[in-house]
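# Overview (structure and organization)
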Amino acid sequence: MPWNQGAIFLDRDGVINENSADHVKTWEEFRFIPGALDSIRRLTETGLPIFVVTNQAAVNRGLTTVETLNVIHQHMIEAIEIAGGRITQVYFCPHDNHESCACRKPHPGMLEQAARDYGIDLTQSFFVGDAWTDVAAGVAVGARSILIMTGRGRWNFIPAWDRFGLNFNVACDLDDATTMIQEALHGNLMPSTQRMRGAFHRALHPAESLVP
Ligand SMILES: [Mg+2]
Ligand SMILES: [Zn+2]
């Protein structure tokens, strides 16, 4: 088992597959976001293990079962493998809000579990999600969080910004986030950090902006 290795954590709904207002309860309802399979293939080529970490309160709300969820994930993993990618493990939280568990994001319990199971250094890891709760789980363990604008991302930028300021990155979609991760692994500053700093500096300090 390798130690001190980083990993790539992916949220599921809104990152890998399309969100459903009514939850994704069966494999028939599961739709890959365009480009996601190819992005996961590219992420796999980094050599880092990839984990999916997903809140699935639909289980404890009685809308689906652990067995059905496992079937969905088996089909998802097979489709990813056919496309040349690999998922090391899927972690899900079945709990509802009121159960106050340690695994439901924004809590980082699923990331900590993966770290224990596989000897992952979370401070060398990346977490791509479409919700401020994903950003929060990554920030809590010192991982680099990337909020993407697919799924619920557009409505989660301000909530994430309010909580974490510049302590997270933003990308258009999983493909863009993948490029950022590749760059970061080569020691380059994650490009959206520069773009975001510049945009927010100009918004907050218009008098200093060189461009009127
Ligand atoms: Mg999501
Ligand atoms: Zn939980």
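Figured I'd write up the structure that's included with this text. This one's a predicted model, so the numbers in the text were calculated from it and none came from an experiment.

## A closer look at the overall build of the chain
Looking only at helices and strands, the chain features seven helices and six strands. Secondary structure elements in the chain, listed N-terminal to C-terminal, are β-α-β-α-β-α-β-α-β-α-β-α-α. Looking at the chain as a whole, 42% of its 212 residues qualify as buried. Relative to all contacts within the chain whose residues are 6 or more apart in sequence, the contacts with residues 24 or more apart total 64%.

## Quick word on the sheet that holds strand E3 (residues 89–93)
Pairing in this open sheet of six strands is parallel, and the strands run E3-E2-E1-E4-E5-E6 from one edge to the other. Among the strands making up the open sheet, the edge pair consists of E3 and strand E6 (169–171). Going from strand to strand, the sheet's axes swing by 25° on average, the running direction of each strand aside. Looking at chain direction, strand E4 (residues 126–129) and strand E5 (residues 144–148) are connected through four bridges and run parallel. Its bridge partner being in E5, Phe 126 is matched across the sheet by Arg 144. Relative to the sheet, helix H5 (residues 153–164) contacts E5 and E6, its axis offset from that of E5 by approximately 135°. Running over the sheet, helix H6 (residues 174–185) touches strand E1 (8–10), E4, E5 and E6 and is turned about 155° from E5.

## Some details on the nonpolar core
Counting residues in hydrophobic clusters, the biggest one holds 52 residues, and the most contacted among them are Ile 8, Phe 9 and Val 128. No other element matches helix H4 (residues 132–140), which puts five residues into this core. Residue contacts for Ile 8: discarding those within four places in its chain leaves Leu 43, Leu 48, Ile 50, Ser 125, Phe 126 and Ile 181.

## Observations concerning the packing of helix H1 (residues 36–44) against H6
Two elements in contact, H1 and H6, have axes separated by 9 Å at closest approach and are oriented at 15°. On the basis of their axis angle, the class for H1 and H6 is roughly parallel. For the pair H1 and H6, the crossing hand works out as left-handed. Contacts between H1 and H6 involve Ala 36, Ser 39, Arg 42 and Leu 43 from the former and Leu 174, Asp 175, Thr 178 and Ile 181 from the latter. Its residues assigned to classes, the contact of H1 with H6 comprises four nonpolar, two polar and two charged.

## A look at the environment of Arg 42
Mapped onto the elements of the fold, Arg 42 is located in helix H1. According to the C-beta neighbour criterion, Arg 42 is partly exposed, with 16 such atoms within 10 Å. Here the alpha-carbon distance between Arg 42 and Arg 86, two residues 44 residues apart in the chain, equals 10.0 Å.

## Things to note about the pairing of E3
Across five bridges, the pairing between strand E2 (residues 50–55) and E3 is parallel. Its bridge partner lying in E3, Val 53 is registered against Tyr 91. Each parallel crossover has a hand, and the one from E2 via helix H2 (residues 66–82) to E3 is right-handed.

## With respect to the packing of H4 against H5
Interaxial distance between H4 and H5 falls to 8 Å at its minimum, and their mutual angle equals 30°. On the basis of the axis angle, H4 is roughly parallel to H5. Together, Trp 132, Val 135, Ala 136 and Val 139 of H4 and Asn 156, Pro 159, Ala 160, Arg 163 and Phe 164 of H5 make up the contact between the two elements. Classifying every residue of the contact of H4 with H5 by side-chain character gives seven nonpolar, one polar and one charged.

What counts, and at which threshold
- Residues numbered from 1 in each chain as written.
- Chains lettered and ligands numbered in written order.
- Predicted model: local features only at pLDDT ≥ 70, side-chain atom pairs only at ≥ 80, totals over all residues.
- Helix = DSSP H or I, 4+ residues; strand = E, 2+ residues; numbered from the N terminus.
- Buried ≥ 20, exposed ≤ 12 C-beta atoms within 10 Å, placed from the backbone.
- Contact = placed C-beta atoms within 7 Å.
- Pairing = 2+ DSSP bridges.
- Axes fitted to C-alpha atoms, helices over the stretch in contact; angles between N-to-C directions.
- Core = buried A, V, L, I, M, F, W, Y, C linked by C-beta atoms within 7 Å.
- Parallel < 35°, antiparallel > 145°, perpendicular 65-115°, else oblique.
- Left-handed = near helix turned anticlockwise from the far one by under 90°.
- Nonpolar A, V, L, I, M, F, W, Y, C, P; charged D, E, K, R; others polar.
- Right-handed = clockwise from strand over helix to strand, strands pointing away.

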